[in-house]
Amino acid sequence: MPQLQMSPPWLAGITSDRDAEYIDAVQPGLVLRIRRGRMVWFVRYLFDGSARRYRIGEHPAVGLSAARKLASVVRGRVAAGDDPQAEKRAKREAVRRRRMGETVSGALASWLKDEKQGPIGRWKGGLQGGSARAALSHIRRLDRMIGKKLLSEVTPKEIERVVLVSEAPATRNRALCAFRGFLAWAIRNGLIDKDPTTGMPKEHETARTRVLSDDEIRTLIEGFDQTRYGRALRFLFLTALRRDEVLGLKWSWIDMEKGVLTIPPEAEKAGRIRDELRRAGLPPQAVALLAQQRSFLFAEGVRSEYVFATSTGERPLDTFKPVLYRLRGRRSNGLPPSKDKRAKERNAVLPDDVTIHDIPRTVADA
């Protein structure tokens, strides 16, 4: 490869369209490499008889004059008996080992903040989209159950225990997918060496056909009416919308006078594929219920864009689950009742196989 008398005008005239390497005739070992549209400075040297290459930086952030000075410093250190490339690798390894001492909770926080490789950059809609609504409940459970453990020490059995908290195979499969996305990020960032879910198969999913009986419908409504989300459940029965569509419902989507609801594509499962608005007519009972909800929020002093907002004005997340679990005779987190004799006895008033997702199917079957 011929050496070139590099100069600022020469640099200004070359393009990054074609891969190439240029060697500077002024500063020994200085190389400008062009790969995939990027122009990077390197300095080559010999250490203990082996060829080394040390990355200086990218052009134009590092200009010709600065690259020559840095190359001179690197070669000076080599002459003094140091190996700059080996030192850089040692620092990276030290950082990796520190990261491997990070807890699951700390790693999850870093993953959620990563704007390029984390959910913000990879999930459609970021942390506010449908992917986030489907996955974050599982991620929070992972943090809650094993968040204090070192990520590098998490075992397949511990991950499996978190996955199996969910009752339905489909829900367990979604949890496993969410965990694998996080663990793949952890491997890319050197926090762990391998995925503990490797070899853990997805479960077979069967189409659900269950509909609710009249008694189950009555029990659900009466149970939820004792909470702040009773109207949200009734709205589900009146409209046959999906759970996430109702919980994410915004006042700006509703025309109360015309009784029309307009759902944007990013807010519904099929809409993200069709990429078009979906309009639904609201029965008079649903419009009256929305008016009651608005009065309730006003009396509570809550100002929010969400129709069924939390007491702090935020979008409700897994609001239905704690109530449903209690109606099944379980604790609010879905675990069986405490065996402690002093614990208040919980009487199940609904079967374990009743879910909120059964409501739209029940309405359609009516």
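Residues numbered from 1 in each chain as written. Predicted model: local features only at pLDDT ≥ 70, side-chain atom pairs only at ≥ 80, totals over all residues. Heavy atoms only, no water.

### A look at the packing of aromatic side chains
Applying the stated rule across the entire model yields six aromatic pairs. Put simply, the rings of W111, W123, F182 and W185 pair up and form one aromatic cluster. It is K88 that lies over the ring of Y54; its NZ or CZ is 4.0 Å from the centre. Sitting over the ring of Y229, R228 keeps its end group 5.8 Å from the ring centre. (Phe/Tyr/Trp six-rings, centres within 6.5 Å; stacked < 30°, edge-to-face > 60°. Lys NZ or Arg CZ within 6 Å of the ring centre and 35° of its normal.)

### Things to note about helix α13 (residues 284–300)
The end-to-end C-alpha distance of α13 is 25 Å, a good match for the 24 Å that 17 residues give at a rise of 1.5 Å each. Of all the positions in α13, only A286, V287, L289, L290, Q293 and L297 are classed as buried. Projection of α13 onto a plane perpendicular to its axis shows the buried side chains occupying an angular sector of 160°, all on one side. For α13, the exposed residues set more than 90 degrees away from the buried face come down to P284, F298 and A299. Check the buried side of α13 and you find it contacts α10 (230–239) and β6 (254–255). Positive phi shows up at G301, right after α13, with a value of about 80°. (Helix = DSSP H or I, 4+ residues; strand = E, 2+ residues; numbered from the N terminus. Expected span 1.5 Å × (residues − 1). Buried < 20%, exposed > 50% of the residue type's maximum accessible area, 1.4 Å probe, protein only. Arc of directions from axis to C-beta. Contact = heavy atoms within 4.5 Å.)

### Examining the sheet that holds strand β5 (residues 50–59)
On the basis of which strands lie adjacent, the open sheet formed by five strands has the order β1-β2-β3-β4-β5 and mixed pairing. Edge positions in the sheet fall to β1 (3–4) and β5, since each of these pairs with one other strand and no more. In the sheet, strand β2 (residues 20–24) pairs with strand β3 (residues 30–35) via four bridges, with the strands oriented antiparallel. When the sheet's bridge partners are listed, A20 is paired in β3 with I34. (Pairing = 2+ DSSP bridges.)

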